[in-house]
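# Structural characterization, general
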Amino acid sequence: MTPVHPLREPRAEPAGLHARAMDNLRYIRQTMESATSFTAVSGWGVVIVGCTALAAGLWARMQNEPARWLAIWLGEAVVSFTIAGGATVRKARASRLPLFSMPGKRFALSFSPPMVVGALLTMALFRAGLWTAIPGMWLLLYGTGIVTGGAFSVPVVPVMGLCFMAEGAVALFLGPVWRDLLMAVGFGGLHIVFGFVIARRYGG
Amino acid sequence: MAKTNALRQAPVRKPAPDRTAPLREVRGGAAGGPQSLDRLVHERMRLGIVSALAVNETLTFNDLKRLLQTTDGNLSVHARKLEEAGYIACSKFFEGRLPKTEYKLTAEGRQALERYLDHMEALIRATRER
């Protein structure tokens, strides 16, 4: 007796349809991600960072001891990154955009290396007693990070980075008397001005 | 009287949700219906155009060409189809001496993309529940 075969093979269609639907959704997501710039930088967050930097600048100006001056600015850096990070997460959630979309990842990857270099150079310069060179180096490297990361963001962000770099270049060649003023103008003033621009033009 | 009471007490059964409807629609069972698959958006290149415009207010012809890595001819054919359906709006102007073509997603186009996304999600749910 010959074996009985079903006339029709069971349909594999649902699995195929499922895979195609998933593939289509993935394609839509990838296209949207590559078509967007990283707009989750929070303008108001940047303004608040500028205000805390102004306060830190005033406080640091009153210090005579380099170690205390450095501690104040390092504390300010921690506060700033916390505020900016929190505000960025909040803006991304409010606008229902993925924080770690492709432009967001590129922004983070481009911004991080100059920050790591800055941290290492800070330690090296401070140990060598060259702490007066630190403000210029900070402004230059922060500006570099903003320019490279800003390439994946809205056009105003790299412009802000270039302003930081220009100020850093000036700070490197000016005497230590100017360091607090330049730090306050850079990390305070530039953040406040550009934060307002970002908030007004790109929603929050 | 007893009959009317019995009718009143009879439990009202809601029709069970038809979870396989998205599958039938894709197979062509209900083509043209309000929930049927939008073939115009379903095509890869046109889906790319609509998706890219959904996250940008406007994009130029060259932006789209670079983004979707396609040729002038291919892009213009698909963009024309979307334009004819009223899904995208096209404006042509000069920037200096250079002619520019700019595309924008219309409200109808955005709705079409949302419907398409809903359809894909329904399809995934339906195939998972089978």
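Residues numbered from 1 in each chain as written. Chains lettered and ligands numbered in written order. Predicted model: local features only at pLDDT ≥ 70, side-chain atom pairs only at ≥ 80, totals over all residues.

## A short note on the overall build of chain B
Counting secondary structure elements, chain B contains 7 helices and 3 strands. Secondary structure elements of chain B occur, N-terminal to C-terminal, as α-α-α-α-β-α-α-β-β-α. Sorting the 130 residues of chain B into buried and exposed places 25% on the buried side. Restricting to contacts in chain B with at least 6 residues of sequence separation, those with at least 24 account for 55%. (Helix = DSSP H or I, 4+ residues; strand = E, 2+ residues; numbered from the N terminus. Buried ≥ 20, exposed ≤ 12 C-beta atoms within 10 Å, placed from the backbone. Contact = placed C-beta atoms within 7 Å.)

## A look at the nonpolar core
Core analysis: the biggest nonpolar cluster contains 30 residues, and Leu139, Tyr142, Ile146, Met160 and Phe164 of chain A have the highest contact counts within it. Elements with a minimum of two residues in this core: α2 (43-61), α3 (66-94), α5 (134-150), α6 (156-173) and α7 (179-202) of chain A. Per-element tally for this core: the top contributor is α5 of chain A, with 8 residues. Aside from chain neighbours lying at most four places away, what touches Phe164 of chain A is Leu139, Tyr142, Gly143, Ile146, Gly186 and Leu190 of chain A. Core analysis: the second largest hydrophobic core is formed by 26 residues, Ala79, Ala112, Tyr116 and Leu123 of chain B among them. (Core = buried A, V, L, I, M, F, W, Y, C linked by C-beta atoms within 7 Å.)

## A look at the environment of Gly48 of chain B
With respect to the helices, strands and loops of the structure, Gly48 of chain B is situated in helix α4 (residues 44-54). Dropping the residues within four chain positions of it, Gly48 of chain B is found in contact with Thr31 of chain A together with Leu68 of chain B.

## Re unusual backbone geometry
All names here are of chain B. Its identity is not glycine, yet Gln69 carries a phi of approximately 50°, on the positive side. Within the secondary structure layout, Gln69 lies in the loop between α5 (61-68) and α6 (72-84). Given 7 C-beta atoms within 10 Å, Gln69 falls into the exposed group.

## Let's talk about the confidence of the model for chain A
Considering every residue of chain A, the mean pLDDT works out to 84; 85% of them sit at 70 or more. When pLDDT is averaged over each helix and strand of chain A, the minimum, 81, is found for helix α1 (residues 13-35) of chain A and the maximum, 93, for α5 of chain A. (pLDDT = per-residue confidence, 0-100.)

## Some thoughts on the pairing of strand β3 (residues 98-105) of chain B
Residue and element names in this part refer to chain B. Relative to β3, strand β1 (residues 59-60) runs antiparallel, the two being bridged by 2 bridges. Its bridge partner being in β3, Leu59 is matched across the sheet by Tyr103. The pairing of strand β2 (residues 88-95) with β3 spans 8 bridges and is classified as antiparallel. Directly across from Glu95, in β3, lies its bridge partner Leu98. Once β2 ends, the chain turns through 2 residues before running back antiparallel as β3, passing Gly96 with a positive phi of about 70°. (Pairing = 2+ DSSP bridges.)

## A short note on α6 of chain B
Residues and elements named next belong to chain B. Between its terminal C-alpha atoms α6 stretches 18 Å, which fits the 18 Å expected from 13 residues at 1.5 Å a residue. When we look at burial in α6, the residues that qualify are Leu75, His78, Ala79 and Leu82. Buried residues of α6 fall within an arc of 100° about the axis and therefore sit on the same side. For α6, the exposed residues lying more than 90 degrees away from the buried face are Gly73, Arg80 and Glu84. (Expected span 1.5 Å × (residues − 1). Arc of directions from axis to C-beta.)

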